[in-house]
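# A look at the structure
One letter stands for each residue in the lines below.
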Amino acid sequence: MKRRTSIFLSAIVCALLIFSVSNSFADVEVKVARIDLVGSATLPSGRPPINLTDMSATPKWTGSRQFFISDTIGNSGLATALTALSLEKTVWVVIADPGTSGSLIKNIYVSK
């Protein structure tokens with residue numbers, strides 16, 4: 001009886017781990033992106049637009065696309081984008097699913 005219970009509990013834990021991690025796979029990760037433009041907040045939401053070009057070896061898109069800073073990273077995300085733009089550095093970004101123009105930037109870091 002104890003063996004069945006432990007196997008059942010193990011199966012439940014594994015299922016919970018799989019379902020809890022599945023959301024993070026939907027986000028789009030771009031390891032090398034160039035910031036082309038940081039605009040002023042023109043939307044009613046006040047989110048500033050940021051134009052990015054994917055500079056990876058296998059880019060997820062060609063040309064420049066416009067994204068918006070999410071509320072969760074707010075001013076610190078904007079400061080990171082402006083710093084990268086002024087220093088002409090690339091950034092690592094995580095963009096919310098589906099990663100098309102207009103999606104939200106969830107994380108942004110200046111690359112070395």
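Relevant structure appears above.
In this report, the structure presented in the accompanying data block is examined. All of these numbers come straight from a predicted model, not from anything done at the bench.

Quick notes on the rules
- Residues numbered from 1 in each chain as written.
- Predicted model: local features only at pLDDT ≥ 70, side-chain atom pairs only at ≥ 80, totals over all residues.
- Heavy atoms only, no water.
- Helix = DSSP H or I, 4+ residues; strand = E, 2+ residues; numbered from the N terminus.
- Buried < 20%, exposed > 50% of the residue type's maximum accessible area, 1.4 Å probe, protein only.
- Contact = heavy atoms within 4.5 Å.
- Areas by Shrake-Rupley, 256 points an atom, 1.4 Å probe, with all protein chains shown as cover.
- Pairing = 2+ DSSP bridges.
- Salt bridge = Lys/Arg side-chain N within 4 Å of Asp/Glu carboxyl O.

So, on to the overall build of the protein. A count of helical and extended segments in the protein gives 2 helices and 5 strands. Order of helices (α) and strands (β) in the protein, N terminus to C terminus: α-β-β-β-α-β-β. Split into buried and exposed, the 112 residues of the protein put 29% on the buried side. Contacts spanning at least 24 positions in sequence make up 50% of the contacts within the protein whose residues lie at least 6 apart. Entry remark: accessible area of the protein is about 7,400 Å², with carbon and sulfur atoms responsible for 61%.

Now for the pairing of strand β5 (residues 104-110). Pairing analysis gives 2 bridges linking strand β3 (residues 64-69) to β5, with the strands arranged parallel. Bridge pairing links I69 to I105 in β5. Of the strand pairs in this sheet, strand β4 (residues 91-95) and β5 are connected by 5 bridges, and their pairing is antiparallel. Paired with I95 across the strands is I105, a residue of β5.

Under the counting rule described, the total for this entry stands at 3 salt bridges. Between D36 and R34 there is a salt bridge; the shortest N-O distance is 2.7 Å. Notably, a salt bridge pairs D71 with R47, separated by 3.2 Å at the nearest N-O pair. Of this pair, D71 sits in the loop between β3 and α2 (74-87) while R47 sits in the loop between β1 (28-38) and β2 (49-54), and the two are 24 residues apart along the sequence. You can call D71 exposed: its relative accessible area is 58%. Take R47: its relative accessible area is 23%, and that puts it in the partly exposed class.

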